[in-house]
Amino acid sequence: MGRCKTVLKNVLGKIVPLCLFFFAQPLFAEDNVSSALSSHVLNGHGWDIFPYIPEINLPEHFTVHLLMLFITTALIAIFYLAFSKKQVLKPKKTQIALESLILFVRDDIVYPVMGEERGRKWLPFYSTLFLFLLTANLIGLIPAFKTATGNINVTGALAIMVLILTFVVGFKEIGVKDFFKNLYPSGTGLGIGLFVAFLEFLSIFTKSMVLAIRLFANMFAGHMAILSFLVLIIIVSPFMGFVSVPFAAFTYLLEVLIDVLQALVFTLLSCIFISNASEHE
Amino acid sequence: MDLSLLAKAIAVIGAGLGIAGGGIGIGIIGGRAMEAISRQPSEKKDIRTNMILMAALIEGLAFFGAIVALLVIFK
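Values in this document were obtained by computation on a predicted structure and should not be read as measured data. (Residues numbered from 1 in each chain as written. Chains lettered and ligands numbered in written order. Predicted model: local features only at pLDDT ≥ 70, side-chain atom pairs only at ≥ 80, totals over all residues. Heavy atoms only, no water.)

Draft legend 1. Inspection of the overall build of chain B at higher detail. The helix and strand tally for chain B stands at two helices and zero strands. Compactness check: chain B gives a C-alpha radius of gyration of 17 Å against a globular reference of 11 Å for 75 residues, more than 25% above the reference. Accessible area of chain B: about 5,200 Å², with a carbon and sulfur share of 72%. (Helix = DSSP H or I, 4+ residues; strand = E, 2+ residues; numbered from the N terminus. Rg over C-alpha atoms; globule rule 2.2 N^0.38 Å. Areas by Shrake-Rupley, 256 points an atom, 1.4 Å probe, with all protein chains shown as cover.)

Structure representation (structure tokens):
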């Protein structure tokens, strides 16, 4: 209990205020409020690391969000390659933590939806997707880093990948004919049946689109909310800080929960879409 | 009266309505899920997963409203 209290005290007293200070970084650098708001979430070539230090200019065709994606990939690769090489009988803390993430994907997402036999084949894909999204989401909360998943191009690319997989896996596992047969409802007239089949066909695309928009909007809106609270200090008065900083800290902690939840939701939904399209009715 | 300002105001109201609808939906889901868990505590895990899934689907619709409003405002 005493240890729990110390951890809580450290998080609330040191880590969150520090993170919020860095979060407010654009407010120091930009001259007006709206450009400060947009520079935190939007993509660009300048990477601002510390308040009052001039931003690092990245080369052409290489943006901050792309850099974040590379960092995400590198982090996952380093940690998982380092700990998957040696198979020991009694793993250390870090290894248990890393393995529990994979076990979570296996036991709570892939196996319940796909069944054990097919799930084993598909587990590498979904665990990679989950780890990538989780790391990319959480990295945005660390000072000086940005959220790559708060960019609709990143989430859109992931959703297009899921869309293509839906078709490819469906065609491969049950055949083109059965894939379209699944769309057609049984026991209805021809006219209404064709209409419903058309709507079902469209809904394959809509589902993927919503998948992209959901993740993008959650990340974008969450970071906007934190920064909007902090911006109130500049707009209204310095004394607003007594109100808006606690609110920003609360939103910041809520954002940690949302990051994990959205990674879970994206993986779970894509798992359901792909496995539904490739099953006989 | 400035028409674009009116459009922005209506867009904000529309986003609010959309989010209110989503809120009602998620509230119903959450309430029913709590009810189901209290009836069948052993099925807690399954119910929770399905609850999050359904809430996420509704949330997507609410975000559609918000995105359309944002497009109107920033256009």
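Now that the structure has been shown, the text picks up again.
Draft legend 2. Region of interest: the packing of aromatic side chains. Residues and elements named next belong to chain A. The full count for this structure, using the stated rule, is 16 aromatic pairs over all chains. On the basis of an interplanar angle of 65 degrees and a centroid distance of 6.3 Å, the ring pair of F167 and F201 is categorised as edge-to-face. One end of the pair, F167, is in helix α7 (residues 152-183); the other, F201, is in helix α8 (residues 190-235), and 34 residues separate them in sequence. Residue class for F167 comes out buried when judged on its relative accessible area of 15%. On the basis of an interplanar angle of 45 degrees and a centroid distance of 5.8 Å, the ring pair of F167 and F205 is categorised as tilted. Placement of F167 in helix α7 and of F205 in helix α8 is noted, with a sequence separation of 38 residues between them. By relative accessible area, which is 36% here, F205 ends up partly exposed. Site record: aromatic cluster; members linked through ring pairs are F167, F171, F179, F180, F201 and F205. (Phe/Tyr/Trp six-rings, centres within 6.5 Å; stacked < 30°, edge-to-face > 60°. Buried < 20%, exposed > 50% of the residue type's maximum accessible area, 1.4 Å probe, protein only.)

Draft legend 3. Representation of the side chain of R214 of chain A. Tracing the chain through its elements places R214 of chain A in helix α8. Here R214 of chain A is in contact with Q262, V265 and L269 of chain A together with A56, L57, E59, G60 and F63 of chain B, once residues within four sequence places are set aside. (Contact = heavy atoms within 4.5 Å.)

Draft legend 4. Here's a closer look at the confidence of the model for chain A. Per-chain confidence: chain A averages 83 in pLDDT, with 90% of residues scoring 70 or above. Confidence, expressed as mean pLDDT per element, reaches its minimum in chain A at helix α2 (residues 25-29) of chain A with 62 and its maximum at helix α6 (residues 116-139) of chain A with 91. (pLDDT = per-residue confidence, 0-100.)

Draft legend 5. Inspection of helix α5 (residues 93-114) of chain A at higher detail. Residues and elements named next belong to chain A. For α5, spanning 22 residues, the distance from its first C-alpha to its last is 30 Å, which sits close to the expected 32 Å at 1.5 Å a residue. Taken as a whole, α5 carries its principal kink of about 35 degrees at R106. When α5 is considered as a whole, its buried residues turn out to be Q95, L98, V105, I109, V110, Y111 and M114. Those residues of α5 that are buried are in contact with α4 (64-85), α6 and α9 (241-277). One or two residues past the end of α5 sits G115, with phi positive at roughly 85 degrees. (Expected span 1.5 Å × (residues − 1). Bend = angle between axes of the 7 residues up to and from the residue.)

Draft legend 6. Here's a closer look at the interface of chain B and chain A. Taken together, the contact between chain B and chain A spans 11 residues of the former and 15 residues of the latter. Taken together, the two surfaces of chain B and chain A that pack against each other cover about 1,200 Å², and 81% of this comes from carbon and sulfur. Broken down residue by residue, the surface that chain B buries against chain A is led by L53, F63 and F64 of chain B, which jointly contribute 39%. The partner of K45 of chain B in a salt bridge is D108 of chain A, and the shortest N-O contact between them spans 3.4 Å. Our count for the contact surface shared by chain B and chain A stands at three residue pairs in polar contact (both at pLDDT 80 or more). (Buried area = accessible area lost by both parts, 1.4 Å probe. Salt bridge = Lys/Arg side-chain N within 4 Å of Asp/Glu carboxyl O. Polar contact = N/O pair within 3.5 Å; in protein donor to acceptor, adjacent residues only side chain to side chain.)

Draft legend 7. Highlighting the confidence of the model for chain B. Averaged over all residues, the pLDDT of chain B is 86; the fraction at 70 or higher stands at 97%. The ipTM for the predicted assembly is 0.72, set against a pTM of 0.83.

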